[in-house]
Amino acid sequence: MRKRYVFFFIGFIGLVYFIYCTVRTSVFIRNQDRVNMVFYGRISVFYSFGQDNVNYVVPFSSQIEFLVPGGYGYYKVGALGKLVSLERKPDLFRRAFSVNTSSFVDIYFYPRNPIVYYDPSGSSYELPTVSDIFFSATNGSFLDRLFVWYYFLNKNKTQFEGIADLPIKKEMQRVFFDREEFFKLYQGYFYKKSYRKEKNTVQLIYTKSFKTAELISQLLEGEGIRVVDISLREKPVPPTCLISQNTRPVSRTTEMLRIFFACKLGNESSEISDILFVLGPLEEEFLVE
């Protein structure tokens, strides 16, 4: 009888710890004023939900090519899943759609058995089904799946502002997504108002590639975080990216940068900005050749 109570107690403690970890890491518990998600498939769709009930949708044709950071160059969207499978790097979904939309992708869903998609259409998407939400692979938790299901509950396409006419560049038989033009056309659409209210500025420090730092700078600007300087520092690359803030307590901007890029808090200060962002290994993860 006593052993049964011991096992019950251990199981209860394990359950409480599991629930704590699930809640603590959930995208939706952070009370963000905008949540961005991607459903990868025949037509890959980017959704942006705002607390102000202004929601956006951006469908990507499988045949369009966009930038995949990490030194992969341009890849057809329909082949990204296969690349992820071969490289065993699901986070490529998050990074690729983030840099191409200039926004922080919080959660992504993708088929468990990847194939290469060839469907050329880019606007005939459907809203995700219950099966898509609960049985696809994802970087989210079960709690996140529940929140996503709730977000799409009783919604239809008319409740999203569609961005379907994507800027493209054609070269020979290839069609490229023009992320620079997309940034110019839609900058401000995916802003986090909380970042704008804090008005914190960022200085980026890189050691290898200015183009990569510039890419990350545009990603931050798309979120509503102002980058005031990009500087080269000829020092050994730290084992992880570091984010330092001149003042305390740590701002929401600093905390969300730390979470999204999986960085550690540093103790340096900047003379020209509120936040110092030392990229470190992120230069390899977001490498642009």
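Quick caveat, the model's predicted, so the values are computed rather than measured.

(A) Examining helix H3 (residues 91-101) more closely. Taken across its 11 residues, H3 has 10 buried, putting it largely inside the fold. Turning to H3, its buried residues are Leu 92, Phe 93, Arg 94, Arg 95, Ala 96, Phe 97, Ser 98, Val 99, Asn 100 and Thr 101. Of the residues flanking the end of H3, it is Ser 102, one or two places downstream, whose phi is positive at about 50°.

(B) The arrangement of a nonpolar patch on the surface in detail. A surface patch of nonpolar side chains, about 390 Å² in accessible area, is lined by Val 130, Trp 149, Tyr 150 and Leu 153. Its location among the elements puts Val 130 in helix H4 (residues 130-135). The partly exposed category is assigned to Val 130, whose relative accessible area is 47%.

(C) Layout of the pairing of strand E12 (residues 226-232). Note: strand E11 (residues 201-206) against E12, six bridges, orientation parallel. Note on E12: the bridge partner recorded for Thr 201 is Arg 226. Handedness of the crossover is the feature at issue here: the chain leaves E11, passes through helix H8 (residues 210-223), returns alongside E12, and the resulting connection is right-handed.

(D) Geometry of the state of the cysteines. What the rule picks out here adds up to one disulfide. The partner cysteine of Cys 241 in its disulfide is Cys 263, sulfur to sulfur 1.9 Å. One disulfide, between Cys 241 and Cys 263, carries an S-S torsion of -105° and so falls in the left-handed class. Taken together, the residues Cys 241 in the loop between E12 and strand E13 (242-245) and Cys 263 in the loop between helix H9 (252-261) and strand E14 (264-265) connect sequence positions 22 residues apart. Given a relative accessible area of 5%, Cys 263 falls into the buried group.

(E) Inspection of the nonpolar core at higher detail. Among the nonpolar cores identified, the biggest contains 28 residues, and Phe 60, Phe 66, Leu 80 and Phe 97 are the most heavily contacted of them. Elements represented by at least two residues in this core include exactly strand E3 (56-60), strand E4 (65-68), helix H2 (80-87), H3, strand E6 (107-110) and helix H6 (179-186). Core analysis: the second largest hydrophobic core is formed by 27 residues, Leu 204, Leu 220, Leu 257 and Ile 275 among them.

(F) Representation of the packing of H6 against H8 within the structure. The N-to-C vectors of H6 and H8 enclose an angle of 25°; their axes lie 11 Å apart at closest approach. Between H6 and H8, the interaxial angle falls into the category roughly parallel. Here H6 runs over H8; the crossing is left-handed. Residues Arg 179, Glu 180 and Phe 183 of H6 pack against Leu 215, Gln 218, Glu 221 and Gly 222 of H8. Counted by class, the contact of H6 with H8 contains two nonpolar, two polar and three charged residues.

(G) Unusual backbone geometry, seen in detail. Between Arg 248 and the following residue, Pro 249, the backbone shows a cis peptide bond with an omega angle of 5°. As for its position among the elements, Pro 249 is in the loop between E13 and H9. Positive phi is not limited to glycine here, since Asn 53 has a value of about 65°. Within the secondary structure, Asn 53 sits in the loop between strand E2 (44-50) and E3. Residue Lys 199 is not a glycine yet carries a positive backbone phi of 60°. With respect to the helices and strands, Lys 199 occurs in the loop between helix H7 (193-198) and E11. Owing to a relative accessible area of 66%, Lys 199 belongs among the exposed residues under this scheme.

(H) Here's a closer look at the sheet that holds E12. The strand order across the open sheet formed by five strands is E12-E11-E15-E13-E14, and the pairing between neighbours is mixed. Either end of the sheet is taken by a strand with one partner, and the two such strands are E12 and E14. With four bridges joining them, E11 and strand E15 (residues 275-278) adopt parallel strand pairing. Among the inter-strand pairings, Val 202 is bridged to a residue of E15, identified as Ile 275. H8 rests against E11, E12 and E15 of the sheet, and its axis sits at about 170° to E12.

(I) Geometry of the pairing of E2. By the criterion of burial, E2 is predominantly enclosed, with seven of the seven residues buried. Residues of E2 alternate between two faces, with Ser 44, Phe 46, Ser 48 and Gly 50 on one and Val 45, Tyr 47 and Phe 49 on the opposite face, all of them buried. Note that strand E1 (residues 34-39) and E2 share six bridges and pair antiparallel. The residue bridging Phe 39 from the neighbouring strand is Val 45, located in E2. Linking two consecutive strands that pair antiparallel, namely E2 and E3, is a turn of five residues; a positive phi of about 65° is found at Asn 53 within it.

Calculation criteria
Each chain has its residues counted from 1, running along the sequence as written. Only residues with pLDDT of at least 70 are given local features in this predicted model, and only at 80 or more are side-chain atom pairs given and counted; all residues enter the totals for whole chains, interfaces and linings. To get the side-chain values, all heavy atoms of the structure are used, and hydrogens and water are removed first. Exposure classes here rest on a 1.4 Å probe applied to the protein chains alone. A residue is buried below 20% of its type maximum, exposed above 50%, and partly exposed in between. Strands are runs of DSSP state E lasting at least two residues, helices are runs of H or I lasting at least four, and both sets are numbered from the N terminus onward. Patch building starts from residues that exceed 30% relative accessible area and form no salt bridge, then joins like charges within 9 Å and nonpolar side chains (Val, Leu, Ile, Met, Phe, Trp, Tyr) within 5 Å. Only the protein chains shown count as covering a residue, and every accessible area follows the Shrake-Rupley method with a 1.4 Å probe. Salt-bridge detection follows one rule: a side-chain nitrogen of Lys or Arg within 4 Å of a carboxyl oxygen of Asp or Glu. Strands are treated as partners if at least two bridges between them are detected by DSSP. If the strands point away from the viewer and the path from the first strand over the helix to the second runs clockwise, then the crossover is right-handed. Put simply, a disulfide is two cysteine sulfurs that come within 2.5 Å. Buried residues of nine kinds, namely Ala, Val, Leu, Ile, Met, Phe, Trp, Tyr and Cys, make up a nonpolar core once their side-chain atoms join them within 4.5 Å. Structural elements are reduced to axes, namely lines fitted to C-alpha atoms, with helices fitted over the stretch in contact, and the angle between N-to-C directions of any two is expressed from 0 to 180 degrees. Between 65 and 115 degrees an angle is taken as roughly perpendicular, under 35 as roughly parallel, over 145 as roughly antiparallel, and anywhere else as oblique. Note on convention: the crossing is left-handed when the near helix lies turned anticlockwise from the far helix by less than a right angle, right-handed when the turn is clockwise. Two residues qualify as a contact provided that any one of their heavy atoms is within 4.5 Å of a heavy atom in the partner residue. Under this grouping Gly is polar, as are all residues other than the nonpolar Ala, Val, Leu, Ile, Met, Phe, Trp, Tyr, Cys and Pro and the charged Asp, Glu, Lys and Arg.

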